[in-house]
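# A structural walkthrough
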Amino acid sequence: MSDYFILLSAGKSKRFKSKLKKQFIIYKNKPLFEHSLQTAIKSKFFKEILIVTNEKIKTTIYKNVKIIKGGKERYDSTKNALNYLKNKKVNNVYIHDAARPNLSIKLLKRLKNKLKTNTAVVPYLNSENSVKYKVINKIKNLNRDNVLLTQTPQCFKFKELFNLYKTNNLKITDEASLYLNNNKKVKFILGEKNNFKITTINDLKNLNSKNYYGIGFDIHRLIKNKKLYLGGVKIPFHSGLRGHSDGDVILHAIIDGLLGAMRKGDIGTLFPSNSNKFKNIRSKNMLAPVVKLLKDNNFDINNIDINLICENPKVSKIRNKVIKSISSLLSINKGLINLKGKTVEKLGIIGKEQAIACEVICSLSR
Ligand code: ZN
């Protein structure tokens, strides 16, 4: 007796306004349906995986995958797959929508476990929204604590499910409805929020973000009688950095890195050094309009990696406060920022503590 996984991939994508069927749209570099297919294979729980579809798809790269012709509605598609299984020695079937690409092995494990003592197991989420429902012309409130939003995979003892399908004449949108219509017990277990369904092309647009990278470099000469600022914080030191502004090499390199990733020129474009308007400006005030540009153009920072090149001050002594400052200036988590120290074996003007340089790489997503 074996378990089988049915991957429903024949939907007509009525709510998905695209020429390409939803299941074949590329999500994270592969067609939507392949995500759950690979998870099901990886779990090693299934003797065979049935992909129900009306499209020609290449599955020769996968072992134990069978293509089943899709039906008119989801219901008909499931029926086709169950009919294929009727003469096999099937214990359980897991029925999953290809439009839920983030199926996890963890959820499969929990479902499998509950199937040992139940004949039907279905994952659900509670509603985060308030729920109303319509009776004739009246809108009524529904206590959202009593609302169960069902997910897939929905898992069943094959025999019982097959028999229910055989005698059913009602239109159903999932197998859980079939069980409830027939007063059969369903064990509902908490699903996973990440196991969401992609229903519209906008869902996908929101999910398919692209990454961009920018590089920044800066160097300033050290001079006496000036305060040293690095990453927006004052650092006790014998000299400060000469410059039109406070000479903060870290923030200047970050600004160039961010502008580079956004493809918006460089720091000189934003702050011409021949303009008196920006004389003695604090560099954190130069960063603020760049942060606004990020926001206005819907960019998110993935991470920032910084090399501070100097003999002194020692990076290990200032790391925590510099990272804390940058994280607050950019409103990002400290964990996204890395600061490394690099000495130059006392070579050149940096080695003689006459200058400090900095290089940065920024990764953004949109
Ligand atoms: Zn600079």
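## What to know about a nonpolar patch on the surface
Among the surface-exposed residues, Tyr133, Val135, Ile136 and Leu142 lie close enough to one another that they form a single nonpolar patch of about 380 Å² accessible area. With respect to the helices, strands and loops of the structure, valine 135 is situated in strand β8 (residues 131-135). The partly exposed category is assigned to valine 135, whose relative accessible area is 34%.

## Quick notes on the environment of lysine 132
Relative to the helices and strands, lysine 132 is located in strand β8. Expressed as a C-alpha distance, the spacing of lysine 132 and leucine 364, which sit 232 residues apart in the sequence, is 40 Å. Apart from residues no more than four positions distant in its own chain, lysine 132 is found in contact with Ile139, Lys140, Asn141 and Leu142.

## Looking at the pattern of salt bridges
Under the definition given, this model contains 8 salt bridges. With a closest N to O distance of 2.5 Å, aspartate 97 and arginine 74 form a salt bridge. You can see aspartate 97 sitting in strand β6 (residues 90-97) and its partner arginine 74 sitting in helix α2 (residues 74-85), a full 23 residues away along the chain. The class of aspartate 97 is buried, set by a relative accessible area of 10%. What emerges from the salt-bridge pattern is a single network uniting Arg74, Asp97, Glu175 and Lys197.

## Re the domain arrangement of the chain
Domain annotation for the chain reports domain 1 (2-207) and domain 2 (211-365). Computed over C-alpha atoms, the centres of domain 1 and domain 2 are 50 Å apart.

## With respect to the coordination of the zinc ion
For a metal with four tetrahedral donors the ideal donor-metal-donor angle is 109.5 degrees, while six octahedral donors give ideal angles of 90 or 180 degrees. Bound to the zinc ion are the protein donor atoms Asp218 (OD), His220 (NE2) and His252 (ND1), situated 2.0 Å from the metal. Counting residues between consecutive donors of the zinc ion along the chain gives the motif D-x1-H-x31-H. Remark: histidine 252 occurs in helix α7 (residues 249-262) and histidine 220 occurs in strand β13 (residues 211-223); sequence separation between them is 32 residues. Owing to a relative accessible area of 13%, histidine 220 belongs among the buried residues under this scheme.

## Here we look at a positive patch on the surface
A cluster of like positive charges, contributed by Lys47, Lys66, Lys88 and Lys89, occupies part of the molecular surface. Examined against the element boundaries, lysine 66 turns out to sit in strand β5 (residues 65-69).

## Regarding the state of the cysteines
Counted according to the given criterion, the structure contains 0 disulfides. Unpaired in terms of disulfides, cysteine 362 finds its nearest cysteine sulfur in cysteine 358, a separation of 9.9 Å.

## Some points on the packing of aromatic side chains
Across all of its chains, the model carries 8 aromatic pairs by this definition. Measuring from centroid to centroid gives 6.4 Å for tyrosine 124 and phenylalanine 188, while their planes differ by 85 degrees, and the two rings are edge-to-face. Of the two residues, tyrosine 124 is situated in strand β7 (residues 120-126) and phenylalanine 188 in strand β12 (residues 187-190); the sequence distance between them amounts to 64 residues. Residues tyrosine 212 and phenylalanine 299 carry aromatic rings whose centres are separated by 5.9 Å and whose planes lie at 85 degrees to one another, so their mutual orientation is edge-to-face.

## Remarks on unusual backbone geometry
Look at the link from threonine 152 to proline 153: it is a cis peptide, with omega at 5 degrees. Position of proline 153 among the secondary structure elements: in the loop between β10 (148-150) and β11 (154-157). The step from asparagine 312 to proline 313 runs through a cis peptide bond, and the omega angle for that step is -5 degrees. Although it is not a glycine, asparagine 183 adopts a positive phi angle of roughly 55 degrees. Tracing the backbone shows asparagine 183 in the loop between α5 (175-181) and β12.

## Things to note about the pairing of strand β19 (residues 355-365)
Of all the 11 residues making up β19, 9 are buried; the element is thus mostly covered by neighbouring parts of the structure. Where β13 lies against β19, 11 bridges are found, and the strand directions are antiparallel. Note that in β19 the partner of isoleucine 219 across the bridge is alanine 357. Relative to β19, strand β17 (residues 300-309) is paired through 9 bridges, and the arrangement is antiparallel. Counted as the bridge partner of aspartate 300 is serine 365 from β19.

About the criteria used
- Residues numbered from 1 in each chain as written.
- Predicted model: local features only at pLDDT ≥ 70, side-chain atom pairs only at ≥ 80, totals over all residues.
- Heavy atoms only, no water.
- Patch = residues over 30% accessible without salt bridge, like charges linked within 9 Å, V, L, I, M, F, W, Y side chains within 5 Å.
- Areas by Shrake-Rupley, 256 points an atom, 1.4 Å probe, with all protein chains shown as cover.
- Salt bridge = Lys/Arg side-chain N within 4 Å of Asp/Glu carboxyl O.
- Helix = DSSP H or I, 4+ residues; strand = E, 2+ residues; numbered from the N terminus.
- Buried < 20%, exposed > 50% of the residue type's maximum accessible area, 1.4 Å probe, protein only.
- Contact = heavy atoms within 4.5 Å.
- Domains from an automatic or database assignment.
- Donors = N, O, S within 2.8 Å, 3.2 Å for Na, K, Ca; no water.
- Lys, Arg positive; Asp, Glu negative; His and termini not counted.
- Charge placed at Lys NZ, Arg CZ, Asp CG, Glu CD.
- Disulfide = S-S within 2.5 Å.
- Phe/Tyr/Trp six-rings, centres within 6.5 Å; stacked < 30°, edge-to-face > 60°.
- Pairing = 2+ DSSP bridges.

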